[in-house]
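# Breakdown of the fold
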Amino acid sequence: MPLMNSRTGEVRRRYTIQELSEAANLMRGYDLIALAAAGSGHSGGTLSIMDITAALYLHAARLDPEDPHWDGRDRIVWSAGHKAPSLYLGLGMAGYYDVKTVATLRKLGSPFQGHPHWLKLPGVEVSTGSLGQGLSIAVGFALGLRLKHNTASRVFCLMGDGEQQEGQIWEAVMEAGHYKLDNLIGIIDRNRLQIDGWVKNVMNVEPLKDKYEANGWNVLEIDGHSMEQIVAALDTARGFRGKPTVILAQTVKGKGVDFMEDVAGWHGKAPSLEEMKRGLEQLGLAGRLPVEEMLSLARDYQRETDIRVKSKVPSFRKNSWWNEDELMRVEMQPTRKGFGAALQRRGDDERVVCLGLDISGSITISDFYEKNPERKERWLSLGIAEQSAVCVAGGLAREGKIPVLGTYGTFASGRCLDQIRTTVCYGELNVLIAGAHGGVSVGPDGATHQALEDLFQICGLPNMNVVVPCDAIETRKATEYLLFGLHGPKYIRFAREATPIVTTEETPFVFGKANAIKYQGLQPRFIDAYETTLASEFEYGDEQLALIACGPMVPEAMRASCILQEEFGISSVVLNMHTLKPLDVDAVVKAAAATGILVTAEEHQIGGLADRISRILTESPSLYQVPLITGSIGVKDRFGESGAPWELVKEFEVAAEHIVQKAVELIDLKKRSVAIRY
């Protein structure tokens, strides 16, 4: 069915096969422009699925762009949420909005988030991004339509072939077959590539045809770039009765741009402006699309966003932002690099086995074997199957191995929580789990990929040990300790974005023991302005408060300590609480007794660190008679958003300036309290 006017029942427009092909080509061009303007995103899969998108939104689906919530519409679920730009372009071409506005893709506040969010953009049916979940949602839609006796509407679910590695997909496949949901149409973009390489090599999912048929599905196999075959398959699927239908569409990742085609590296990469221009030429679109208008729209949007975000950051006499002043220069490096360095350095131990979960290069776990091919036997690629991987690791641990696995922190903690709880923690198994890309550092990917709740989930598990290192050097030290110095369940959380290096090889790292960091005065290099000791060895003097932080918030707390001293004459100490479980109780009690004011700082929902510190304060008898004032800096009970990582630090109000503002507020409160008392 073509685009509808839901009030009159009339067809808004019919497209010929040729017009659909031309639309798909234009959408590929718009895709390149939007991705280049964003500077990040997923080129390969958006290009491979574009012909299907054009046919779906302009021909097959019953939709009314003037009434996105029309009850008689078809439902389209993008389980492969990372291909969101294709979804956005499909809606734009269908008339939901001016297609040029997709140029604000992945920018802070834009409705075009890195992964789709239905509450931000009419026409998007459901928020997706965590692979494997969409088909279950589609089953729910299909069952709901059946219960409403709506026999005209169809539910389409777009998936990737690598996504078929997720176990939840097969639960939904069984459900749809069992209930004979003939109003459900699955579409698999079979481009044969995922982040870690060819699907058949990472974790083979074939024979998909046989598997779906065995579960009661009607299967159609097509060339996903032949508009004739796509249209015919969609029309056939709509009219098929008695079974759900899945369309296996053979496609080429990066279709239409020769330097992207069949290259796994273009899965999560955006073209540069020059690459965009080359791509447009290859598509025959040079001079045919409003490139400059879209890029200008993106720049104007970003400029307005910069002004808004800047207004959220407290300002002081001097600009102390990282590397924007000639004093206090700092080296930046992603903390994840320390994780890879530890595995590379210590991977010769035959007990160490690393499990790849498709983002291996990004989280650096593949450093384990890349320069040491003799270790490849101990590298097990499990694909996009986080829950199973946790239990596989449990089995390996029972055989005396030291299994290491890692993925985005939000998946490592939330998606696998029951497996970690029951298999690893309850069984006290020696498994190291890396929650990578923690906090807002994953940036433009948006809320579905930003781990802001993982410390609640993981720290709540009995027997679990949790480390949140502050920089790449500390991450390496922590990883090495967790591998060989600690036997049992263990979780390390680290960031994706480059953050300041604030430790050295000589800086102490003792598991379970906080470090005390004291500002000494301005220096050309940021790191030289501080002295670090174990908190147990630190002698308190004139410090008026303690700033307790973990992870990337430690450098922010250090910068805050500098601002407090230089701008307000307030002396403070920073406690690097790198071990979140078990927490250094003595360090917290000592700081509370000495200063009377504590401010926690975390790149997480407030409470991952703050609640654990508060519990110490309420349960320590030695503090019962001590007047205490506390404050917390962190994410304020909200989901993440797409945006640049450092932009999000400002947006979520977790920069050093916000710590300073809170500290000054508490100092003033204490002074007023004393004045009232006397």
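Located above this text is the structure these notes cover.
Right, let's talk about the overall build of the protein chain for a bit. Across its full length, the protein chain carries 24 helices and 24 strands. In terms of overall dimensions, the protein chain is globule-like: its C-alpha atoms have a radius of gyration of 27 Å, near the 26 Å expected for 678 residues. In terms of its C-alpha atoms, the protein chain occupies a principal-axis envelope of roughly 80 × 55 × 50 Å. In the protein chain, buried positions account for 62% of the 678 residues. Considering only residue pairs separated by 6 or more positions, the protein chain has 80% of its internal contacts joining residues 24 or more positions apart. Per element, the accessible surface of the protein chain, about 25,400 Å² overall, is 50% carbon and sulfur. Between the centroid of the 73 positive side chains of the protein chain and the centroid of its 86 negative side chains there is a distance of 2 Å.

Moving on, we get to the state of the cysteines. Going through the model one piece at a time under the given rule, you end up with zero disulfides. Cys-562 carries a free sulfur, and the closest cysteine sulfur to it, the one in Cys-470, is 17 Å from it. Assessed through its relative accessible area of 6%, Cys-562 is described here as buried.

Our next topic: the sheet that holds strand β5 (residues 184-190). Strands sit in the order β3-β4-β5-β9-β8 across an open sheet of five strands; the sheet is parallel. Every interior strand has two partners, whereas the edge strands, β3 (75-78) and β8 (218-223), have only one. With direction set aside, neighbouring strand axes in the sheet form an average angle of 20°. Two elements, β8 and strand β9 (residues 245-250), share six bridges in a ladder whose sense is parallel.

Turning our attention to the packing of aromatic side chains. A complete count under the given rule lists 15 aromatic pairs for this structure. Taken together, a centroid distance of 5.2 Å and an interplanar angle of 85° make the contact between Tyr-212 and Trp-217 edge-to-face. The exposure classification of Tyr-212 matches that of Trp-217, with both residues buried. Directly above the ring of Trp-321 sits Lys-650, whose terminal nitrogen or CZ lies 4.6 Å from the centroid.

Before going further, it helps to spend a moment on the sheet that holds strand β23 (residues 597-605). The strand order across the open sheet formed by six strands is β19-β18-β21-β20-β23-β24, and the pairing between neighbours is mixed. Of all the strands in the sheet, the pair left with one neighbour each is β19 (530-534) and β24 (629-635). Sheet twist, expressed as the mean angle between neighbouring strand axes with direction ignored, is 20°. Note: β23 against β24, six bridges, orientation parallel. Residue Thr-600 lies in a different strand from β24, and its bridge partner there is Ser-632. Contacts from helix α20 (residues 553-568) reach β18 (515-519), β19, β20 (545-549), β21 (572-576), β23 and β24, with the element oriented near 160° to β20.

Time to look at helix α3 (residues 50-60). Most of α3 sits inside the fold, with eleven of its eleven residues counted as buried. Those residues of α3 not exposed but buried are Met-50, Asp-51, Ile-52, Thr-53, Ala-54, Ala-55, Leu-56, Tyr-57, Leu-58, His-59 and Ala-60.

The amide bond that connects Glu-206 to the next residue, Pro-207, takes the cis arrangement and shows omega of 5°. The topology assignment puts Pro-207 in the loop between α7 (199-203) and α8 (208-214). With an omega dihedral of 5°, the bond running from Lys-581 to Pro-582 counts as a cis peptide bond. By secondary structure assignment, the location of Pro-582 is in the loop between β22 (579-581) and α21 (585-595). Unlike most non-glycine residues, Arg-106 shows phi in positive territory, near 70°. Checked against the element boundaries, Arg-106 lands in the loop between α4 (84-94) and α5 (134-147). Residue His-437 is not a glycine yet carries a positive backbone phi of 55°. Mapped onto the secondary structure, His-437 falls in the loop between β14 (432-436) and α18 (454-459). Given a relative accessible area of 0%, His-437 falls into the buried group.

What follows covers the environment of Pro-314. Summarising the element assignment, Pro-314 is placed in the loop between α11 (291-310) and β10 (332-334). Each C-alpha atom, one on Pro-314 and one on Phe-456, is 29 Å from the other, the two residues being 142 residues apart in sequence. Excluding its chain neighbours within four sequence positions, the residues that come into contact with Pro-314 are Glu-657, His-658 and Gln-661.

Moving on, we come to the environment of Thr-532. Turning to its location among the elements, Thr-532 is positioned in strand β19. As a C-alpha pair, Thr-532 and Leu-297 span 235 residues in sequence and 47 Å in three-dimensional space. Setting aside residues up to four positions removed in sequence, Thr-532 forms contacts with Thr-507, Pro-508, Asn-515, Ala-516 and Ile-517.

The computed volume of the largest pocket comes to approximately 780 Å³. The wall of the largest pocket is formed by 47 residues, among which His-42, Ile-195, His-267, Gly-268 and Tyr-408 lie closest to the centre. When residues of the lining of the largest pocket are traced back to their parent elements, those giving at least two are β6 (193-194), β13 (402-408) and α16 (409-415). Here the lining of the largest pocket is composed, by residue class, of 13 nonpolar, 20 polar and 14 charged.

Moving on, we come to the packing of helix α12 (residues 336-346) against helix α19 (residues 472-484). Following both chains from N to C, one finds α12 and α19 inclined at 45°, their axes separated by 7 Å at the closest point. It follows from the interaxial angle that α12 and α19 lie oblique. Here α12 and α19 pass one another in a crossing that is right-handed. Residues Gly-338, Phe-339, Ala-341, Ala-342, Leu-343, Arg-345 and Arg-346 of α12 lie in contact with α19, whose contacting residues are Ala-472, Thr-475, Arg-476, Thr-479, Glu-480, Leu-483 and Phe-484. Along the lines of polarity and charge, the residues of the contact of α12 with α19 split into seven nonpolar, three polar and four charged.

So, about the environment of Leu-547. Along the polypeptide, Leu-547 turns up in strand β20. The class of Leu-547 is buried, set by a relative accessible area of 1%. Along the backbone, Leu-547 and Val-660 are 113 residues apart, and their C-alpha atoms lie at a distance of 9.8 Å. Sequence-distant contacts of Leu-547, defined by excluding residues within four places in its chain, comprise Ala-557, Ala-560, Ser-561, Leu-564, Ser-572, Val-573, Val-574, Leu-575, Val-599 and Ile-659.

Attention now goes to empty space enclosed by the protein. Empty space left among the atoms is revealed by rolling a probe the size of a water molecule over them. This structure, assessed with the given rule, holds five cavities of 30 Å³ or more. Of the voids in this model, the largest cavity is the one considered here, and its volume is about 120 Å³. Taken together, 13 residues make up the lining of the largest cavity; nearest its centre are Thr-499, Pro-552, Glu-603, Trp-646 and Val-649. When residues of the lining of the largest cavity are traced back to their parent elements, those giving at least two are α20 and α23 (645-651). The leading source of residues in the lining of the largest cavity is α23, at three residues. Residues that form the lining of the largest cavity fall into these classes: eight nonpolar, two polar and three charged. A volume near 50 Å³ is recorded for the second largest cavity. Along the walls of the second largest cavity sit Tyr-57, Leu-63, Pro-68, Arg-73, Asp-74, Arg-75, Ile-76, Leu-91, Tyr-96, Gly-123 and Glu-125, which together make up its complete lining. Considering only residue class, the lining of the second largest cavity consists of six nonpolar, one polar and four charged.

The rules behind the values
- Residues numbered from 1 in each chain as written.
- Predicted model: local features only at pLDDT ≥ 70, side-chain atom pairs only at ≥ 80, totals over all residues.
- Heavy atoms only, no water.
- Helix = DSSP H or I, 4+ residues; strand = E, 2+ residues; numbered from the N terminus.
- Rg over C-alpha atoms; globule rule 2.2 N^0.38 Å.
- Buried < 20%, exposed > 50% of the residue type's maximum accessible area, 1.4 Å probe, protein only.
- Contact = heavy atoms within 4.5 Å.
- Areas by Shrake-Rupley, 256 points an atom, 1.4 Å probe, with all protein chains shown as cover.
- Lys, Arg positive; Asp, Glu negative; His and termini not counted.
- Charge placed at Lys NZ, Arg CZ, Asp CG, Glu CD.
- Disulfide = S-S within 2.5 Å.
- Pairing = 2+ DSSP bridges.
- Axes fitted to C-alpha atoms, helices over the stretch in contact; angles between N-to-C directions.
- Phe/Tyr/Trp six-rings, centres within 6.5 Å; stacked < 30°, edge-to-face > 60°.
- Lys NZ or Arg CZ within 6 Å of the ring centre and 35° of its normal.
- 1 Å grid on protein atoms, 1.4 Å probe; cavity = no way out; pocket = protein on both sides within 12 Å on 5 of 7 lines; lining within 4 Å.
- Points joined across faces, edges and corners; volume = space filled by probe spheres on them.
- Nonpolar A, V, L, I, M, F, W, Y, C, P; charged D, E, K, R; others polar.
- Parallel < 35°, antiparallel > 145°, perpendicular 65-115°, else oblique.
- Left-handed = near helix turned anticlockwise from the far one by under 90°.

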